[in-house]
Amino acid sequence: MPTPLDLPALDGWLAERGLPAYRARQVRGWLGRGVLEFTAMDDLPRGLREELAASFRPSSLRELVVSEADRGLTTKVLYELDGGFTVEAVIMRYPARVTLCISSQVGCPIGCPFCATGQGPFGRNLEAHEIVDQARDAERRLRAEGKHLSNVVFMGMGEPLANYAAVVDAVRGLWMSPRRVTVSTSGLVPRIEQLAGEGLPVTLAISLHAARDELRDVLVPINRKYPLASVVGAADAFGRRTGRRVSYEWVLLAGVNDTPRDAAELGALLGGRLAHVNLIPFNPVDGTPYRAPEPREVRRFAVQVREQGLNATVRDTRGREADAACGQLRARVLREAAAR
Ligand code: SAH
Ligand code: SF4
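Calculation rules
Residues numbered from 1 in each chain as written. Chains lettered and ligands numbered in written order. Predicted model: local features only at pLDDT ≥ 70, side-chain atom pairs only at ≥ 80, totals over all residues. Heavy atoms only, no water. Phe/Tyr/Trp six-rings, centres within 6.5 Å; stacked < 30°, edge-to-face > 60°. Helix = DSSP H or I, 4+ residues; strand = E, 2+ residues; numbered from the N terminus. Lys NZ or Arg CZ within 6 Å of the ring centre and 35° of its normal. Near = heavy atom within 4 Å. Polar contact = N/O pair within 3.5 Å; in protein donor to acceptor, adjacent residues only side chain to side chain. Nonpolar A, V, L, I, M, F, W, Y, C, P; charged D, E, K, R; others polar. Axes fitted to C-alpha atoms, helices over the stretch in contact; angles between N-to-C directions. Parallel < 35°, antiparallel > 145°, perpendicular 65-115°, else oblique. Left-handed = near helix turned anticlockwise from the far one by under 90°. Contact = heavy atoms within 4.5 Å.

Caption draft 1: Broad picture of the packing of aromatic side chains. The final tally for this structure, using the stated rule, is four aromatic pairs. Taking the centre distance of 5.8 Å and the plane angle of 50 degrees together, the rings of phenylalanine 38 and phenylalanine 56 count as tilted. In this pair, phenylalanine 38 is assigned in the loop between helix H2 (21-32) and helix H3 (46-55) and phenylalanine 56 in the loop between H3 and strand S1 (62-69), connecting sequence segments 18 residues apart. Among the aromatic residues, ring-to-ring pairing joins Trp13, Phe38 and Phe56 into one connected group. Above the face of the tyrosine 94 ring, arginine 97 is positioned so that its terminal group lies 4.2 Å from the ring centre.

Caption draft 2: The site of ligand 1, seen in detail. Around ligand 1, the surrounding shell holds 21 residues, and the nearest of these are Gly158, Ser184, Ser207, His209 and Asn283. The separation between an oxygen atom of ligand 1 and a polar side-chain atom of histidine 209 is 2.7 Å. At 2.9 Å from a nitrogen atom of ligand 1 is found a main-chain nitrogen or oxygen belonging to asparagine 283. The residue inventory of the shell around ligand 1, partitioned by class, reads 10 nonpolar, nine polar and two charged.

Caption draft 3: A look at the packing of helix H10 (residues 260-270) against helix H11 (residues 295-306). Two elements in contact, H10 and H11, have axes whose closest approach is 9 Å; the angle formed by their N-to-C orientations is 30 degrees. Here H11 runs roughly parallel to H10, going by the angle between their axes. The two elements H10 and H11 meet at a crossing, and its hand is right-handed. From H10, Pro260, Asp262, Ala263 and Leu266 reach across to H11, where they touch Arg300, Phe301, Gln304 and Val305. Its residues assigned to classes, the contact of H10 with H11 comprises five nonpolar, one polar and two charged.

Here's what the structure looks like:
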């Protein structure tokens, strides 16, 4: 059964019944305002509402596991998709905003060696409505707490720009301004260029993690195809075209990319830009050779990056106990299933 957000299915359903075009406009109007329950669409005839409610299911996602952390501030949900694959999304509640970390693919074809998602096999791309349903479900949970979703970050499972069309459709299908949406990428240069021309002022986050090609080739293997200079060039062009400041992500791996040499190389690469660097202490992943640096080393690296004239903040390690970073709850559930 399709969901109402599967718009081609909805249009087909309405057309099959020969309903006038303004009915489709009415339904889309409600969906656009975040109302998915047909019974609440009170400008439609009652009979039509009931028929719609019987033909569409509220979400394409089935909740499998919910895990809470940070004394209820973080909620991580593992969903089953049609066909049986699983993906996860994480709600992070802050004093002035609520951010959802969302998945765009089952697994990830990029295969970064420190990332839980990158370790497993690639499953499939998510459809746009499966991406939007993650946000819908989060909004439903939050509404029950008197809260609302304010931001969405594509920092869950998958490389969003490797599922380009669905991700762009999903951003358009979200009810919040694109300014509140962050698309994080390992650096698919042609797609960054394409995104710059969509007229969607999202925040672009580049997962840099190394500022010399030799190291980035290992940490972010797509670098062998699109090396640093081309990624930073595409990010600059995106910034100019959209007027949005680009941010750079840097996962801190002890002894690997947290040395004074790395800070100096980062300064040389990004010097003179209005860039923002997010330093993310590594969230340990079993089966990888990497370690998280001590908090003192994190602070030292942040100071060294700022000494390069860059704007840098250390991201809090939200959701550690909920198996965040993204990909980790799913990895744990798969491990437990294999052990049984
Ligand atoms: N594929 C995209 C978006 C998803 S990953 C990308 O790589 O940008 C979102 C961010 O989480 C990336 O910056 C990624 O490098 C980081 N990340 C992945 N595994 C992590 C871990 N174990 N600890 C901390 N950050 C991690
Ligand atoms: Fe994919 Fe991002 Fe993980 Fe790399 S860090 S494997 S690009 S999800």
